[in-house]
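Commentary on secondary and tertiary structure
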Amino acid sequence: MRGLGVVPVDYHGEGLADRIRAAAEGRPIAALLDTHGGGYIELGLDLGVEPARVATIADFTAREKGAQWVGHDAAATPAVLAALAGEIAAGRLEVPIAARYPLAEVRAAYTDLERRRTRGKIVLVP
């Protein structure tokens with residue numbers, strides 16, 4: 001992500017908005033993508049992000065707040081999946097794998113996922 005100009009910010013603890021503003025170095029915050037829920041839409045709006053540029057996959061109240069809710073079903077079409085597969089095959093899109101679990105260890109995979117520290121996808125191997 002750094003190669004695309006993304007500046008990582010530690011989102012744990014107090015002062016997140018201040019850390020984001022510092023990382024922006026005085027530039028306006030262009031967008032916020034929430035993959036966790038629990039107040040991130042409000043954070044984006046408080047940071048001055050236009051509501052249409054705040055998107056979430058985790059907060060179902062997004063539309064009430066003027067933000068965008070993007071569900072799995074919006075992208076799970078054959079055309080979108082084929083386009084993504086083409087981008088992966090061409091090397092323009094990387095899908096990092098955080099962990100692989102045998103199907104018999106699905107409980108451990110979910111435990112890993114629940115920790116909300118995963119960077120990448122968790123793959124179940126049949």
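Before any of the text, the structure's been laid out above.
Here is what the cut-offs are and how they apply
- Residues numbered from 1 in each chain as written.
- Predicted model: local features only at pLDDT ≥ 70, side-chain atom pairs only at ≥ 80, totals over all residues.
- Heavy atoms only, no water.
- Salt bridge = Lys/Arg side-chain N within 4 Å of Asp/Glu carboxyl O.
- Buried < 20%, exposed > 50% of the residue type's maximum accessible area, 1.4 Å probe, protein only.
- Helix = DSSP H or I, 4+ residues; strand = E, 2+ residues; numbered from the N terminus.
- Polar contact = N/O pair within 3.5 Å; in protein donor to acceptor, adjacent residues only side chain to side chain.
- Expected span 1.5 Å × (residues − 1).
- Phe/Tyr/Trp six-rings, centres within 6.5 Å; stacked < 30°, edge-to-face > 60°.
- Pairing = 2+ DSSP bridges.
- Patch = residues over 30% accessible without salt bridge, like charges linked within 9 Å, V, L, I, M, F, W, Y side chains within 5 Å.
- Areas by Shrake-Rupley, 256 points an atom, 1.4 Å probe, with all protein chains shown as cover.

1. Looking at the pattern of salt bridges
A complete count under the given rule lists five salt bridges for this structure. Of the charged contacts, one joins Asp59 and Lys65 as a salt bridge, the two residues approaching to 3.3 Å between their closest N and O atoms. Classification of Asp59 as buried rests on a relative accessible area of 10%. Here Lys65 falls in the partly exposed class, since its relative accessible area comes to 28%. Among the ionic pairs, Glu87 bridges to Arg92, the shortest N-O distance being 2.9 Å. Relative accessible area serves as the criterion here: at 60%, Arg92 is assigned to the exposed category. If you follow the salt bridges from partner to partner, you end up with Glu42, Asp59 and Lys65 in one network.

2. Structural notes on the side chain of Thr56
Among the secondary structure elements, Thr56 is positioned in strand 2 (residues 54-56). Judged by its relative accessible area of 0%, Thr56 falls in the buried class. In this structure the side chain of Thr56 is engaged in a polar contact, spanning 2.9 Å, whose partner is the backbone nitrogen of Ala58. From its side chain, Thr56 meets the backbone nitrogen of Asp59 in a polar contact 3.0 Å long.

3. Side note on helix 4 (residues 78-89)
Between its first and last C-alpha atoms helix 4 spans 16 Å; for twelve residues at 1.5 Å apiece the expected length is 16 Å, and the two agree. Two residues or fewer after helix 4 comes Gly91, characterised by a positive phi angle close to 80°.

4. A closer look at the packing of aromatic side chains
Per the stated rule, a full pass over the model turns up one aromatic pair. Relative to Trp69, the ring of Phe60 has its centre 5.5 Å away and its plane inclined at 45°; by these criteria the two rings are tilted. Exposure remark for Phe60: the relative accessible area of 65% places this residue in the exposed category.

5. Section: the sheet that holds strand 3 (residues 68-69)
Two pairing modes exist for strands in a sheet, parallel and antiparallel, and in both the strands are linked by backbone hydrogen bonds. In spatial order, the strands read 1-2-3; together these three strands make up an open sheet with parallel pairing. Two strands close off the open sheet at either side, each with one partner strand: strand 1 (32-34) and strand 3.

6. A short note on a nonpolar patch on the surface
A contiguous nonpolar surface patch, about 510 Å² in accessible area, is contributed by Val80, Leu81, Leu84, Ile88, Leu93, Val95 and Ile97. The element contributing the most residues to the nonpolar patch is helix 4, with four residues. With respect to the helices and strands, the residue Ile88 is situated in helix 4. You can call Ile88 partly exposed: its relative accessible area is 41%.

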